[in-house]
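One letter stands for each residue in the lines below.
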Amino acid sequence: MLAARTGAAGSQISEENPKFRRQSGLSTGGKDKSPKKASENGKDGSLSPTGQTQLRARQLALVREVEMNWYLKLYDLSSEHTAAHTTGMPHRNLGKSGLRVSCLGLGTWVTFGGQISDEVAERLMTIAYESGVNLFDTAEVYAAGKAEVILGSIIKKKGWRRSSLVITTKLYWGGKAETERGLSRKHIIEEIVRAMTHVINQGMAMYWGTSRWSAMEIMEAYSVARQFNMIPPVCEQAEYHLFQREKVEVQLPELYHKIGVGAMTWSPLACGIISGKYGNGVPESSRASLKCYQWLKERIVSEEGRKQQNKLKDLSPIAERLGCTLPQLAVAWCLRNEGVSSVLLGSSTPEQLIENLGAIQVLPKMTSHVVNEIDNILRNKPYSKKDYRS
């Protein structure tokens, strides 16, 4: 996935602070309830929006099943040869597009080309790939472009089929000069939607999405695409974790139902805050101890940061009861949201990655009772206007 970042021209905002990561992107690569009848909805010959969505989901599932059975029969294979079966990694559609992505992906922010060596990066990608991960995320600005180079070099070295992978990258903070950054005509054509359509038509990508865009901006991009017969975005990359919920749980679901935009979320452990390592301060070897991450240290030692650590201590018994670690619980909590297509993991060691990938085993244990327990501790569940009216 290739992503294009957007922002005010000439802005000096630092990319390292996730509060200011605002980008636009490109991508390559319960109980089942029957829809209500038209008469039950008070409309003649039509389904309710919910019924239409459910019907469309069943149709897409049937199409996928037919396509998969045809492919397996063509090459004399069985379902045991599929990645989902051999690794246990669930795959989901990216929004309402036909692109299938692993529900866990591997991100390269901070780590590739910076915090870890190339050897460790290769080890992390190998672990992820062998665990069924097909989604790898990077950006042109990560480590001044080194992250993209390292990612591509590893794929080439390992000999992995490019068609089996979904690579996402992001554009905007490409260089220091004014003509090397942004989304102007000089940078990648005239306007974002037209530029993304051009890139896709040229075969350089297959899908595009956004990152850190508001719901209004995404809707505007969709409207422009439809008005001028261009290609609309299929996903939004958004920060999502136990302490950041509003956008993914309130705003994006409406966009999904209206225009099919899915959610690809990042920072499930809140830059390590939810890992538990900061319960007794900031360790010397942690990310928050680095000079360029002073903002993270300030967030951790603030009054709000101390309250968050206390809530994490209250969540620990739930993790113990489910037989998992706190990070695994946090990642599984993100995955329990059916509107999330994939959660991007960021790990600096193989041990961390293996632990986080273990969240897949915790997902079936995320019952409504467990989720309510977590909500009662966090006390930050967002409500839409519809919820208030009801």
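Before reading further, recall that the structure is shown in the block above.
As the structure is a prediction and not an experimental result, all values here were calculated from the model. (Residues numbered from 1 in each chain as written. Predicted model: local features only at pLDDT ≥ 70, side-chain atom pairs only at ≥ 80, totals over all residues. Heavy atoms only, no water.)

Draft legend 1. Structural detail: helix α8 (residues 192–201). Of all 10 residues in α8, 7 are buried, a share of seventy percent or more. Within α8, the full set of buried residues consists of I192, V193, A195, M196, T197, V199 and I200. Positive phi shows up at G203, right after α8, with a value of about 85°. (Buried < 20%, exposed > 50% of the residue type's maximum accessible area, 1.4 Å probe, protein only. Helix = DSSP H or I, 4+ residues; strand = E, 2+ residues; numbered from the N terminus.)

Draft legend 2. Fine view of the nonpolar core. Counting 90 residues, the largest nonpolar core has L104, F112 and I374 as the members making the most contacts within it. The greatest single-element share of this core, amounting to 8 residues, is contributed by helix α13 (residues 326–335). Excluding residues within four positions of it along the chain, F112 makes contact with L106, A121, L124, M125, A143, A147, I150, L151 and I154. Counting 11 residues, the second largest nonpolar core, distinct from the first, contains L94, L135, V166 and Y207. (Core = buried A, V, L, I, M, F, W, Y, C linked by side-chain atoms within 4.5 Å. Contact = heavy atoms within 4.5 Å.)

Draft legend 3. Just the packing of aromatic side chains, in detail. Counted by the stated rule, this structure contains 4 aromatic pairs. Seen in terms of ring centroids, W109 and W266 are 6.3 Å apart; in terms of plane orientation they differ by 85°. Their pairing is edge-to-face. Placement of W109 in the loop between β5 (104–107) and α4 (111–115) and of W266 in strand β10 (residues 262–266) is noted, with a sequence separation of 157 residues between them. Of the two residues, W109 and W266, neither departs from the other in class, the shared state being buried. Positioned above the aromatic ring of Y256, the side-chain terminus of K96 is 4.9 Å from the ring centre. Lying over the aromatic face of W333, R336 brings its terminal NZ or CZ to 4.3 Å of the ring centre. (Phe/Tyr/Trp six-rings, centres within 6.5 Å; stacked < 30°, edge-to-face > 60°. Lys NZ or Arg CZ within 6 Å of the ring centre and 35° of its normal.)

Draft legend 4. How the structure looks around the packing of helix α5 (residues 118–130) against helix α14 (residues 350–357). Relative orientation of the contacting elements α5 and α14 amounts to 20°, with a least axis distance of 9 Å. Here α5 lies roughly parallel to α14, going by the angle between them. Once α5 is placed against α14, the crossing between them reads as right-handed. Counting all contacts with α5, which are made through V120, R123, L124, I127 and A128, the residues of α14 involved are P350, L353, I354 and L357. Its residues assigned to classes, the contact of α5 with α14 comprises 8 nonpolar, no polar and 1 charged. (Axes fitted to C-alpha atoms, helices over the stretch in contact; angles between N-to-C directions. Parallel < 35°, antiparallel > 145°, perpendicular 65-115°, else oblique. Left-handed = near helix turned anticlockwise from the far one by under 90°. Nonpolar A, V, L, I, M, F, W, Y, C, P; charged D, E, K, R; others polar.)

Draft legend 5. Summary view of the pairing of strand β8 (residues 207–211). With 5 of its 5 residues buried, β8 lies for the most part within the structure. Burial along β8 is two-sided: the residues Y207, G209 and S211 and W208 and T210 are all buried. Pairing geometry for β8 and strand β9 (residues 235–239), over 2 bridges, is parallel. From the neighbouring strand, T210 faces β9, where its bridge partner is E236. (Pairing = 2+ DSSP bridges.)

Draft legend 6. A look at the pairing of strand β11 (residues 340–345). By the criterion of burial, β11 is predominantly enclosed, with 6 of the 6 residues buried. By the bridge criterion, 4 bridges tie β10 to β11 in an arrangement that is parallel. In the sheet register, T265 faces β11, and the bridge partner there is V343.

Draft legend 7. Broad picture of unusual backbone geometry. With a phi close to 55°, A143 is a non-glycine residue in the positive phi region. In this structure, A143 sits in the loop between β6 (135–137) and α6 (146–158). Judged by its relative accessible area of 29%, A143 is partly exposed. A positive phi angle is found at A144, which is not glycine, with a value near 55°. Relative to the helices and strands, A144 resides in the loop between β6 and α6.

Draft legend 8. Region of interest: helix α11 (residues 294–301). Listed as buried for α11 are W295, L296 and I300. Projection of α11 onto a plane perpendicular to its axis shows the buried side chains occupying an angular sector of 135°, all on one side. The secondary structure elements touched by the buried residues of α11 are α12 (303–322). (Arc of directions from axis to C-beta.)

Draft legend 9. Structural context of the pattern of salt bridges. Under the definition given, this model contains 9 salt bridges. One salt bridge in this structure joins E373 and R321, with 2.4 Å as the shortest N-O distance. Here the residue E373 occupies a position in helix α16 (residues 368–378), and R321 occupies one in helix α12, the gap between them amounting to 52 residues. Accessibility expressed as a relative area gives 24% for E373, which makes it partly exposed. The partly exposed category is assigned to R321, whose relative accessible area is 48%. Each member of the salt-bridge network shares a partner with another, and the members are R245, E249, R336 and D375. (Salt bridge = Lys/Arg side-chain N within 4 Å of Asp/Glu carboxyl O.)

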